[in-house]
Amino acid sequence: MKTNLIYYILSAALYASCSQGDAAAGLAGEADRAPLIVTSPSLQAGIETRAGTYRALTAGAIGLFLDNAVTSVAYKAKTNVKYTCATPQWQPATEADHLYLVAADADICAYYPYDAAVTDKTAVDVSAKLLPSGTPPPAYATNVTKSRTDNTVSFQMNQACAWLEIKFTRGNIKDGCTLSGFSLVNAGLYDTYRINIATGAEVEKTPAIDGEIIFADDIALAANTTVTRSIAMPPAPVLTGGLKVATTLKEYDGKQMSVTLAGITALERATKYTVNLTVNATDIELTSVQVQTEWDNLAVKDDGDVPFNPDVVE
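We now turn to the structure provided with this report. (Residues numbered from 1 in each chain as written. Predicted model: local features only at pLDDT ≥ 70, side-chain atom pairs only at ≥ 80, totals over all residues. Heavy atoms only, no water.)

**A short note on the packing of aromatic side chains**
Part 1: Per the stated rule, a full pass over the model turns up three aromatic pairs.
Part 2: A ring pair is formed by Phe65 and Tyr111, whose centres lie 6.5 Å apart and whose planes are at 45°; its orientation type is tilted. Of this pair, Phe65 sits in strand E5 (residues 61-68) while Tyr111 sits in strand E9 (residues 106-112), and the two are 46 residues apart along the sequence. In terms of burial, Phe65 and Tyr111 fall into one category: buried.
Part 3: Members of the aromatic cluster, each reached through a chain of ring pairs, are Phe168, Phe182 and Phe215.
Part 4: For the cation-ring pair, Arg33 lies above Tyr100, with the distance from its terminal atom to the ring centre recorded as 3.6 Å. (Phe/Tyr/Trp six-rings, centres within 6.5 Å; stacked < 30°, edge-to-face > 60°. Helix = DSSP H or I, 4+ residues; strand = E, 2+ residues; numbered from the N terminus. Buried < 20%, exposed > 50% of the residue type's maximum accessible area, 1.4 Å probe, protein only. Lys NZ or Arg CZ within 6 Å of the ring centre and 35° of its normal.)

What follows is the structure in structure tokens.
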């Protein structure tokens, strides 16, 4: 009986030892892992060549991907894990979502703002699209290599696209009016745009069909009002002749109107273009175009004339 007892004790100890080793390799061994610490991610405010281009984010959420480095076999891939700002560092929603690091190196990349629909770090969609009021265009941070002995990171998020803001102001129209959406026209425009956020490389960039990108939602213009449309745009290096904005006025027998923004001959990444248009009964008039190579948050306002602050976006 004593011999059997010793056998069972030794067997249990051997089993526990193997299980702990296996657990450590799978990121479950408490003694052999360290949590990833995310401190103060920052958002690119303008083109990278300008001084002071990154501004710390103090709220909101980012998405993280963890994968094997070339020499590592210790990690299982983690896809689009949401980390939200908290004190003293950013945290996942639950303990099960926490990213842990062991002795081997791992690759980690991130993007902002978090989007639950993102599933593949190698083809993140930053195609032409309307941005909800107060939402910034997407930004990303390429791979950094981390391990349990170097487990702190502060991502620098680079802008993924151009930012086009169009403000429609009602002019000399007596009664209420509605625009049947609007379109952007130029043979140099791109509609579909995807990037690999791990490397920053463009994966897919498809020209707009017939050189036109259409945003179909109606725009109601009451008296003395301005309605803003904020758009994330794929970079377009050459827009020969300028960018045309076309729309249809539902009133006045569906009058079609357009204006060409001769001053916009390209859409550059990390550059913001603010366009002010006045809609009259007979035409659409260009009031001003402003090009910002550094995005001044205090100058960017939503439809309610409230300043946009990237620190409070999730």
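**A word on the sheet that holds strand E21 (residues 226-233)**
Part 1: Strand order in this open sheet of five strands is E11-E21-E15-E24-E25, and the pairing throughout is mixed. Each end of this open sheet is capped by a strand with a single partner; those strands are strand E11 (129-131) and strand E25 (284-292). Recorded for the sheet is a direction-independent mean angle of 25° between the axes of neighbouring strands.
Part 2: Across eight bridges, the pairing between strand E24 (residues 272-279) and E25 is antiparallel. Each residue of the ladder has a partner; that of Lys272, found in E25, is Gln292. (Pairing = 2+ DSSP bridges. Axes fitted to C-alpha atoms, helices over the stretch in contact; angles between N-to-C directions.)

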